[in-house]
Amino acid sequence: MKKIAIMLTICFVFTAFSYVSAMDWKAHSGKTITFLMSEHPVLKGIREVLPQFEKDTGIKVRVNALAEDVYFDKMEVALRAGKGVADVHFCPMDSTAFNQYLANLLEPLDGYIKNSNKTASNYDLGDFPDGFLQSTRFPGGPGSNHYCIPASFESYILFYNKNHVNKYLGGKVPETFDDLILAAKKVKHSSNGDVMGMVVRGKRTDTAIDTITGVVYNAWGDRNVSYPQNIWFEGNWNNPQMDHPAIQRGLSQYAGLMSAGPDDVKAYDWDEAGTAFQRGLAAFFVDASLFGPWFEEKDSPSRGNTGYAVLPPQVKGGKSYTAHWQWGLGMPANAREKDAAWYFIQYMTNKQNEPKIGAFHGGAARMSTWSNPTYTKTLNPDYVRSTLESMKTTRSSVVMKKGWSQYALEIVDTIHRIHGGMSAEKSGEKANKTFKKYNSQ
Amino acid sequence: MKNNIGYYFLIPSILLLAFTSIYPLFYSFINSFYNWNWGEQRDYVGLENYIFLLTNEEFWVVIKNTFLFASFACFFEVTLGIILALYIDRIKVGSTIIRTILLIPLMVSGIIVSMMSKVIFNNLFGVIPFYLKKIGLKSSFFGSPDAAMPTLIGVDVWWQTAFVFIIILAGLQSIPQEPIESARIEGATEWQITRFIRLPMIRSLVLLVIIFRSIDTLKIFDLVWGITGGGPGISTEVVQTYSYRLAFGFLQMSKSMTVMILFSSVVISLTFIYSLIEKRNND
Amino acid sequence: MIKYHSLKHYIPAYFVSLIAIIFTTLPIIWIFFISIKSKNDSFTRPPKFFFEPIIDNYTKTINNEFFRETFFNSLLITFFGIILSVVIAIFAAYALKRYQIRFKKTFMQWLLLAYMLPEFLFVLPMYSIYQTLGLYDTHFGLALMYQVHALPFSIWMLRSFLEEIPKEIDDAALIDGCSPFQTIYKIYIPLILPGIVATAILNGIWMWNELAIAIGLTFSEAHPITLGVAQFRGYASKDWGGMTASSILALIPMIFFVIIAQKHIVKGLTLGSLKG
């Protein structure tokens with residue numbers, strides 16, 4: 001009898017305990033957190049969901065949003081502040097985050113994810129493609145920690161203006177990448193320079209590296225892409241291979257895209273290029289899939305006239321490859337309200353809310369969201385189809401190297417040299433030399 | 001005793017300036033001898049940064065670009081500003097409106113001027129290339145390494161000439177009128193009056209605008225970063241964009257500060273020259 | 001006193017003004033056009049000069065809370081900044097002119113040194129100091145930091161204007177026996193009023209348009225208007241209408257200020273004090 005009583009008591013206490021210690025959304029009610037963010041469609045989605053978040057958790061959120069380039073500077077300064085000013089920040093999941101990790105500025109998240117008191121049991125981290133999580137899993141290898149949770153991703157695809165393709169190319173979208181360059185040049189010629197064949201980023205900035213990587217991956221094909229070196233180095237940092245034939249091909253093809261564009265393409269950053277395409281001044285545009293929602297905005301001139309496709313493969317009928325890049329939600333190491341911050345991150349990236357937020361940016365990171373009609377029904381079906389297809393063969397453009405921006409800028413310079421007439425081989429060799437020089441600094 | 005009051009009057013400015021400038025100066029100076037990467041790495045490296053920069057080809061191209069930009073922009077702005085001021089000085093009717101309109105470019109922030117320039121000079125949707133094409137001229141303002149810098153200079157002249165204009169105008173309006181009136185009565189032409197009375201009277205102001213425009217143009221950042229980002233290639237990279245890129249782009253904080261220390265030394269020597277000229281003026 | 005000149009005196013002046021005005025305003029007018037064009041009318045090829053204007057961009061910007069906040073923040077910051085710079089500079093300039101200051105030359109050069117330092121270089125060292133002192137993200141803190149640029153310029157300017165004053169007035173003021181404050185207030189300020197006004201205008205404009213220091217030393221409370229305008233640059237999307245409309249709106253306070261301030265850049269102010 002006594003034994004049963006003890007067992008019952010233990011069971012009772014155990015159940016009561018597990019009921020109490022299961023994750024409680026209201027555990028941090030009354031706290032206020034600051035969210036440092038850039039002006040991004042993800043923010044639009046978060047703002048929609050925010051009132052419900054504040055109701056469900058009782059946590060008040062102060063959103064501090066800035067234009068992207070201003071945000072980057074702000075983020076770097078805020079992460080290094082003596083007194084933390086942000087509790088959650090928008091995390092560029094690439095070498096930027098890596099450098100911040102090296103400087104101990106980011107809070108590791110595994111402790112929160114694996115803690116059943118802090119994370120709901122249905123959070124399902126595995127719903128994110130591993131390639132996405134890997135970008136900010138530092139230092140890489142066993143025992144690593146996650147530092148950011150993906151909030152959105154973009155892959156690099158081809159946009160085309162249906163009217164122009166119909167008018168100048170008989171409605172035929174080019175089927176190989178070299179054909180694309182030829183077709184674009186044809187459009188530029190036939191329209192007497194009034195309509196550009198292609199418009200892409202041509203400005204000298206290291207931020208173009210991800211788009212460039214997409215085009216180069218398409219030339220890299222099914223060869224292996226390993227990290228942290230990515231394809232730019234062979235095996236270790238001391239072996240840059242900017243003159244590898246596939247890389248030469250990719251960089252030349254990007255330079256070819258530039259040649260099919262306006263004469264002052266070297267002054268174009270994404271806003272000029274995107275605007276030119278949106279206003280119908282170019283037939284093709286190669287850049288991040290996230291431009292799609294902007295092109296489909298209610299009063300956009302390109303609405304209904306934009307076609308979406310994966311980057312044309314190297315050979316007809318072959319496989320297309322591309323790169324992807326992600327934004328995520330991260331926690332500064334100097335955040336003051338870490339637990340409440342984690343609740344925010346978790347809520348905004350869980351299965352229930354990601355589809356709602358994703359409807360605003362069209363770059364949902366969870367696999368499950370892409371089969372969720374809440375998300376897919378708000379987007380152009382062509383866009384969804386092409387982006388999904390690109391997701392099958394996309395690889396992260398991340399290079400986890402200290403000071404990677406300098407090398408990225410050299411890659412842009414390599415393309416510019418090719419665009420200016422230098423041979424790809426020579427330009428690549430020059431880049432190798434420069435990489436080695438940077439290594440020794 | 002009397003002199004002490006003078007020192008008291010200077011105290012607020014000295015305090016403020018010390019607070020806002022000495023510490024940053026010191027901070028940059030000290031850091032230029034380390035290899036700080038805005039993170040954990042901060043080892044003493046002595047003069048390594050200085051040697052690196054002074055032997056780096058890119059650094060000298062940047063210096064050349066900066067001085068090229070500064071000398072042309074400054075020259076045009078000062079000249080045009082003075083000419084404009086001399087003419088507007090005569091106007092009474094409608095002068096407020098005219099002066100205000102001429103000041104408008106200055107009121108626009110650097111970011112907006114950049115955006116404006118990109119939109120107006122863009123080959124695809126820009127007004128200027130479109131009409132140039134119509135009369136048969138091909139153009140590539142910010143896309144060509146040769147045209148980018150002159151175009152930038154042109155934009156700065158549009159933007160900042162009003163700075164010179166308003167200062168010289170204020171000077172012309174506050175010089176005593178008797179000498180001018182008497183010269184007129186004696187039959188001097190307007191040009192003679194300008195040359196022998198007005199300009200000499202505002203001599204120190206002219207020197208002042210030259211000094212400040214020189215420093216401002218040497219320090220140019222907004223326009224270059226916003227419009228060309230230093231490109232195409234490094235044809236428009238100037239000291240400030242180079243330094244900023246080192247700091248926020250490559251996280252090479254120490255190198256960035258070394259650039260600024262080197263650059264400041266050059267500008268200080270310039271001010272020495274200016275003060276010598278001023279001394280000669282006053283004697 | 002000759003008050004009227006022949007037309008020959010005025011016509012070239014108006015002609016030059018006209019040309020200058022055309023050059024000056026054309027780019028601004030183009031930006032204004034973009035702000036009143038619908039998306040189908042802007043960035044077209046060929047550029048459109050005739051279109052149906054819309055005011056949506058303006059209503060959107062005025063209703064934008066962030067923009068409104070930054071607008072009023074900048075008004076406050078610039079106001080503080082101008083007052084600080086002009087008041088402190090008048091006293092400093094007077095001191096440099098009137099008294100024998102031993103370190104005069106060094107001081108003037110130090111002013112230039114402070115002026116020539118790039119803005120973003122200040123942000124890092126001052127960041128922690130500002131946080132400790134509680135000046136971080138405050139209007140006053142920003143106005144204070146702006147003095148590193150405004151003070152050197154103001155002191156140099158006002159000193160130059162003071163130098164212009166004929167020696168007879170200086171001597172008369174000395175004999176007069178007033179206290180320094182009275183001398184400054186009654187004699188020198190009226191004489192160099194155009195210079196003071198020009199200084200105030202130029203300082204005001206610079207502060208109104210400053211960005212680098214603002215990014216570094218504000219977080220949310222004291223965001224200036226430059227950030228309010230920048231917000232329309234999104235990610236993979238750009239609200240040209242919002243950006244241009246907010247830029248035009250940002251000009252308005254400056255224009256008002258300049259119109260009002262200019263009343264004091266008028267010939268003949270010196271004559272009054274000479275006679276009096």
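Refer to the preceding data block for the structure.
The notes below deal with the structure included here. Just so it is clear, the model here is predicted, and its values are computed rather than measured.

A closer look at the pairing of strand E10 (residues 322–330) of chain A
Consecutive residues of a regular strand have side chains that alternate between opposite faces of the sheet. Residue and element names in this part refer to chain A. Summarising burial for E10: nine of the nine residues are buried, a large majority. Burial along E10 is two-sided: Thr322, His324, Gln326, Gly328 and Gly330 and Ala323, Trp325, Trp327 and Leu329, pointing in opposite directions, are all buried. Direction of pairing for strand E3 (residues 88–92) relative to E10: antiparallel, over a ladder of four bridges. Bridge pairing in E10 links Phe90 to Leu329. Pairing between strand E6 (residues 148–161) and E10: seven bridges, direction antiparallel. The partner of Pro150 across the bridge, within E10, is Gly328.

Observations concerning the nonpolar core
Counting residues in hydrophobic clusters, the biggest one holds 339 residues, and the most contacted among them are Trp232, Leu257, Phe284, Trp342, Phe344 and Met348 of chain A together with Ile167 of chain B. Among the elements that make up this core, the one with the highest residue count is helix H7 (residues 145–174) of chain B (17 residues). Other than its neighbours up to four places away in sequence, Met348 of chain A contacts Ile46, Val49, Leu50, Phe53, Leu329, Glu354 and Ile357 of chain A. Among the nonpolar cores identified, the runner-up in size contains eleven residues, and Met93, Phe138, Cys148 and Met400 of chain A belong to it.

Here's the deal with the interface of chain C and chain A
The interface is formed by 26 residues belonging to chain C together with 41 residues belonging to chain A. When the two sides are added together, the surface that chain C and chain A hide from each other amounts to roughly 3000 Å², 56% of it contributed by carbon and sulfur. Across the contact surface, chain C and chain A share seven salt bridges. A salt bridge links Lys39 of chain C to Asp299 of chain A, with the nearest nitrogen and oxygen atoms 3.2 Å apart. Between chain C and chain A we count 14 residue pairs in polar contact (both at pLDDT 80 or more) in total.

Some details on the interface of chain C and chain B
Across the contact, 110 residues belong to chain C and 100 residues belong to chain B. Summed over both partners, the interface of chain C with chain B comes to about 9600 Å²; 75% of that surface belongs to carbon and sulfur atoms. Our count for the chain C to chain B interface comes out at zero salt bridges. Viewed at the interface, chain B and chain C are joined by 14 residue pairs in polar contact (both at pLDDT 80 or more). Considering each element in turn, the side of chain C that touches chain B owes the most residues, 18 residues, to helix H1 (residues 7–35) of chain C. Classifying every residue of the side of chain C that touches chain B by side-chain character gives 81 nonpolar, 19 polar and ten charged.

A closer look at helix H8 (residues 167–176) of chain C
Residue and element names in this part refer to chain C. Among all positions in H8, only Ile169, Asp170 and Ala173 are buried. Relative to the axis of H8, the buried residues are bounded by an arc of 100° and lie together on one face. Across H8 from its buried face, at more than 90 degrees, point the exposed residues Lys167, Glu168 and Ile175. Positive backbone phi, approximately 85°, marks Gly177, located one or two places after H8.

Cut-offs used in this document
- Residues numbered from 1 in each chain as written.
- Chains lettered and ligands numbered in written order.
- Predicted model: local features only at pLDDT ≥ 70, side-chain atom pairs only at ≥ 80, totals over all residues.
- Heavy atoms only, no water.
- Buried < 20%, exposed > 50% of the residue type's maximum accessible area, 1.4 Å probe, protein only.
- Helix = DSSP H or I, 4+ residues; strand = E, 2+ residues; numbered from the N terminus.
- Pairing = 2+ DSSP bridges.
- Core = buried A, V, L, I, M, F, W, Y, C linked by side-chain atoms within 4.5 Å.
- Contact = heavy atoms within 4.5 Å.
- Buried area = accessible area lost by both parts, 1.4 Å probe.
- Salt bridge = Lys/Arg side-chain N within 4 Å of Asp/Glu carboxyl O.
- Polar contact = N/O pair within 3.5 Å; in protein donor to acceptor, adjacent residues only side chain to side chain.
- Nonpolar A, V, L, I, M, F, W, Y, C, P; charged D, E, K, R; others polar.
- Arc of directions from axis to C-beta.

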